Number of protein chains: 2
Amino acid sequence: MAASETSTELPIRDGEQKAAAEQQIDPWDVQAGQDEQGNALAFDYVAISQKWATKLIDDELLQRFERLTGHKPHRWLRRGLFFSHRDFDKILDKYEAGEPFFLYTGRGPSSDSLHLGHTIPFSFTKWLQDVFDVPLVIMLTDDEKALFKDKLTFEETHKFALANAKDIIACGFDVKKTFIYSDLDYIQGHFLMNIWEFSKLIPFNQVRGAFGFNESTNIGRIMFPAVQCVASFATSYPEIWSDKPPADRTKEIAKIQCLIPMAIDQDPYFRLVRDNAHRMKYPSPKPALIHSKFLTALQGAGGKMSASDPNSAIFMTDTPNQIKNKINKHAFSGGRETLEEHRRLGGIPEVDVAFQYLAYFEEDDAKLKEVEESYRKGELLTGELKKMAITLLQEYVKGFQERRKDVTEEILRQFMKPRKLEWKGNPNPKPKETKPKAPKEEKEAEKSKA
Amino acid sequence: MAASETSTELPIRDGEQKAAAEQQIDPWDVQAGQDEQGNALAFDYVAISQKWATKLIDDELLQRFERLTGHKPHRWLRRGLFFSHRDFDKILDKYEAGEPFFLYTGRGPSSDSLHLGHTIPFSFTKWLQDVFDVPLVIMLTDDEKALFKDKLTFEETHKFALANAKDIIACGFDVKKTFIYSDLDYIQGHFLMNIWEFSKLIPFNQVRGAFGFNESTNIGRIMFPAVQCVASFATSYPEIWSDKPPADRTKEIAKIQCLIPMAIDQDPYFRLVRDNAHRMKYPSPKPALIHSKFLTALQGAGGKMSASDPNSAIFMTDTPNQIKNKINKHAFSGGRETLEEHRRLGGIPEVDVAFQYLAYFEEDDAKLKEVEESYRKGELLTGELKKMAITLLQEYVKGFQERRKDVTEEILRQFMKPRKLEWKGNPNPKPKETKPKAPKEEKEAEKSKA
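The sections below set out a description of the structure shown in this document. These numbers come from a predicted model, not from an experiment. (Residues numbered from 1 in each chain as written. Chains lettered and ligands numbered in written order. Predicted model: local features only at pLDDT ≥ 70, side-chain atom pairs only at ≥ 80, totals over all residues. Heavy atoms only, no water.)

1. Thoughts on the relation of the copies chain B and chain A
No. 1: After a rotation of 180° and a shift along the axis of 0.0 Å, chain B superposes on chain A with an RMSD of 0.0 Å. These values place the two chain copies in the arrangement generated by a two-fold rotation axis. Taking C-alpha positions as the reference, the residue of chain B nearest the rotation axis is B:Gln188, at 2.6 Å. (Least-squares fit on C-alpha atoms with pLDDT ≥ 70 in both.)

2. Here we look at the environment of A:Thr250
Residue and element names in this part refer to chain A.
No. 1: Tracing the sequence through the fold places Thr250 in helix 13 (residues 250-253).
No. 2: You can call Thr250 buried: its relative accessible area is 16%.
No. 3: The sequence separation of Thr250 and His190 amounts to 60 residues, and the corresponding C-alpha distance is 9.6 Å.
No. 4: Ignoring sequence-local partners within four residues, the contact set of Thr250 consists of Thr235 and Tyr282. (Helix = DSSP H or I, 4+ residues; strand = E, 2+ residues; numbered from the N terminus. Buried < 20%, exposed > 50% of the residue type's maximum accessible area, 1.4 Å probe, protein only. Contact = heavy atoms within 4.5 Å.)

3. Brief notes about the pattern of salt bridges
All names here are of chain A.
No. 1: With the rule as written, the count across this model stands at 56 salt bridges over all chains.
No. 2: Measuring nitrogen to oxygen at the nearest pair gives 2.6 Å for the salt bridge that ties Arg271 to Asp267. Of the two residues, Arg271 and Asp267 both sit in helix 14 (residues 267-276), four residues apart, roughly one turn of that helix.
No. 3: Residue classification places Arg271 among the partly exposed positions, given a relative accessible area of 24%.
No. 4: Relative accessible area serves as the criterion here: at 0%, Asp267 is assigned to the buried category. (Salt bridge = Lys/Arg side-chain N within 4 Å of Asp/Glu carboxyl O.)

4. Considering the packing of aromatic side chains
No. 1: On inspection of all chains with the given rule, the structure shows 68 aromatic pairs over all chains.
No. 2: Both rings, one in A:Phe204 and one in B:Phe204, keep their centres 4.4 Å apart while their planes meet at 25°; by these two values the pair is stacked. Separated into two different chains, A:Phe204 in helix 10 (residues 204-211) and B:Phe204 in helix 10 (residues 204-211) make up a pair that spans both. Of the two residues, A:Phe204 and B:Phe204, neither departs from the other in class, the shared state being buried.
No. 3: With centroids separated by 6.0 Å and ring planes inclined at 80°, the aromatic side chains of B:Phe65 and B:Phe132 adopt a geometry described as edge-to-face. With a gap of 67 residues between them, B:Phe65 in helix 2 (residues 59-69) and B:Phe132 in helix 5 (residues 116-132) connect regions that are remote in the sequence. For the pair B:Phe65 and B:Phe132, one class covers both residues: buried.
No. 4: A connected cluster of aromatic rings, assembled from ring pairs, spans A:Phe65, A:Phe82, A:Phe88, A:Tyr95, A:Phe101, A:Phe124, A:Trp127 and A:Phe132.
No. 5: Of note, A:Arg271 hangs over the ring of A:Trp52, and the distance from its end group to the ring centre comes to 4.5 Å. (Phe/Tyr/Trp six-rings, centres within 6.5 Å; stacked < 30°, edge-to-face > 60°. Lys NZ or Arg CZ within 6 Å of the ring centre and 35° of its normal.)

5. Things to note about helix 20 (residues 409-416) of chain B
All names here are of chain B.
No. 1: Among all positions of helix 20, only Leu412, Phe415 and Met416 are buried. Axial view of helix 20: buried residues confined to an arc of 90°, hence all on one face.
No. 2: In this structure, the buried side of helix 20 is in contact with strand 6 (136-140), helix 7 (154-169) and strand 7 (178-182). (Arc of directions from axis to C-beta.)

6. Topic: the interface of chain B and chain A
No. 1: Facing 39 residues of chain B, the contacting portion of chain A comprises 39 residues.
No. 2: With both sides pooled, the region where chain B packs onto chain A buries about 3,400 Å², and carbon together with sulfur makes up 66% of that total.
No. 3: On the chain B side of the contact with chain A, B:Trp196, B:Lys200 and B:Ile219 bury the most area, a combined 25% of that side's loss.
No. 4: When contributions to the side of chain B that touches chain A are tallied by element, the ones reaching two or more residues are helix 6 (142-148), helix 7, helix 8 (183-186), helix 9 (189-201), helix 10 and helix 11 (219-230) of chain B. (Buried area = accessible area lost by both parts, 1.4 Å probe.)

7. Points about the sheet that holds strand 7 of chain B
All names here are of chain B.
No. 1: Spatial ordering of the open sheet is given by 3-4-9-8-5-6-7, a layout of seven strands whose pairing is mixed. Sheet topology places strand 3 (55-56) and strand 7 at the edges, where each strand pairs with a single neighbour.
No. 2: For strand 5 (residues 101-107) and strand 6, the ladder comprises five bridges, and the chain directions are parallel. When the sheet's bridge partners are listed, Arg107 is paired in strand 6 with Leu140.
No. 3: Across the face of the sheet, helix 20 comes into contact with strand 6 and strand 7 while running at roughly 95° to strand 7. (Pairing = 2+ DSSP bridges. Axes fitted to C-alpha atoms, helices over the stretch in contact; angles between N-to-C directions.)

8. So, empty space enclosed by the protein
No. 1: By the definition in use, this model includes four cavities of 30 Å³ or more.
No. 2: In this structure, the second largest cavity encloses a volume near 100 Å³.
No. 3: Forming the boundary of the second largest cavity are A:Ile187, A:Leu192, A:Ile195, A:Trp196, A:Met223, A:Val227, B:Leu192, B:Ile195, B:Trp196, B:Met223 and B:Val227.
No. 4: Taken together, the elements giving at least two residues each to the lining of the second largest cavity come down to helix 9 (189-200) and helix 11 (219-230) of chain A together with helix 9 and helix 11 of chain B.
No. 5: Partitioned by chemical class, the residues of the lining of the second largest cavity number 11 nonpolar, no polar and no charged. (1 Å grid on protein atoms, 1.4 Å probe; cavity = no way out; pocket = protein on both sides within 12 Å on 5 of 7 lines; lining within 4 Å. Points joined across faces, edges and corners; volume = space filled by probe spheres on them. Nonpolar A, V, L, I, M, F, W, Y, C, P; charged D, E, K, R; others polar.)

So this is what it looks like as structure tokens:
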């Protein structure tokens, strides 16, 4: 595939409608905007990127990625599901130079199993891990979920964390280069010291605005951003770098940069760490971020798959039949009211949920383009389109379930054991350029010889 | 000694002067009130007890203590250095019934060695441990000190914590029943879970008032009260109760009450835990508290020995000669300007720092009374009084230094290792009374037989 094709324009409407009520996106509340009739609008991801001053992922960046790694960008990059970033170009610099970096992502365990939307960042991260061959840490914020959900206890979220870890493993990670941890189990020592050191840098009014806290917010919630932030510091995981990390290597380890694939709503956490990482005793580089959109709910525009609404989501425990019924019954259609109308006016792929899922799971760009055009012309019917989406989703979920069934307690234990990880990084790093001596410097050198 | 003598009235002036500026006492700031000329007044401990609704320790309580334990109350109880409490009577109930409880105290490691004032709560706690024969945990808040002192790093306070632990051990604790820990080293697992669970119960506005926080306070400081609070829960130390604590004993362990000997300025922390302990998933009883006054600075009324002012304090590293010189040069005297005046008007033991130290270190009540009367009459001169104080302080410091020199790294390691502690408790607990059946109940019982 030619480099110019890396970014396939996807006909998914990105909230171009004018909103009567603004969208609300923060780490704990995601609400689409509304039109004047109170209908949910699609999320306006370009607007959120502009508001938060992230960079949109463009063709040039993806072409460079392909040149450096020899890998075609993932379809979720080509089709804009991962659409925005901060300093991903700097991670490519590191890769090019053969310098170390690591991946970090996470999950808030609010239920005992994952839905389709939850697996997206993990499947993408697994792909990044395969491409870059670097260490990966996966944080399960069982502390956060109990702090932010009044009805959940810490025992419950901790159980969810262990159950979720099995689902995450089933996304295909390599145990040699992956460390998965529950905050409640793992945090201590270096990690805890980083939390306190970071928390000392952050006055209440800095988190107040960013996270919507107020006087009645519990002090655990106020503190929590420090926990999620320092998870992006390499020094929080002394074990993964060396079996017996010598204390005096902390300064050096701190310099290892982090790349975080994540949904855009988590950005406020990492703006905080990007603003303050250099102020730590052992300064760390700003973590690089790569942001995804939310996987659209079955109901369509403005929805986010949610574990608490079973009809909004495909669960990773769903049977092929359940998947078929959910798509057929609940997936919002861009087809027309009648067959005659559909043939005459054509379908609207931009709002069609089955088409969107197809776009996320069909690898073949040409085939997808063909489906889109055929649907738009009214040749392809909604039922036929849904059937294609159902087949792809059934395959994806089946693959997951097969891997999931092999995740034993022993395998879970291996992934969650703090230990030295094994990785290779870039097999062909670009040799460091030796800076040619400037004429003046040469003269100085000659002088000193004389 | 007769019970009625347990509480020796000490002629130490307790801030009976009218203050032009109010005293300020909280965990991080202790300022005496001032008179209209801006002179420091003595702390008004009765006022602070009334303001915070603590109970003053009275004769009746001390008599009961002596009856139950067979031990004469410590001279610091008899002479009102430990002057106030919350629920100490309930701890005596536990002791009487042979039910378990434990001791908890701590230190904020802000320098690398202790002064005389710092050792007072530890010497007193050691005595309580000897009397009650119960487990003791000692918390070194290296996290707190770095959070609250801008110039101290976490590495520095952690080093101070280990150095301070050696000094604390030199106060004479029994390693079998004492666990000393640095927050930065020890906190994880159950302790951390308690911290988060407690923090979820505390809205910002509850700590805001109690600790004088505001919008600019760093989020670590805002969180820290949860750390110090849950240190009073028995469940934070699963190891000390059993080698392999079964998970299902948490509920039972949570019921073990805690007694905290401490300086009065730390009371706000424990009001917070007393208000919320019953709201934990495994409810704990309110910790009992026993409050001390501050050891008066050499300069006299309204001062607190401070490590940052070398002339205010006797350090535990001072030589006998340094102690002699500090008392002779810096200890505020209640004697008169001239010998003639002193003979005529008599000294004022209430304001005399040497007399106060004598009162804290002279065990013999009758001898102390005699000294006081003789000084008040002008028979005993300041120099003679100071000499007595010097001798006692030199002995106390010498005993400390002898024990301190035997505290090896290995002994430190033993005290700081999380492990099952060994204790006996009350050797002669009062057998539980079987409640006699009330006549009505007997009738009911008869009926049911019929």
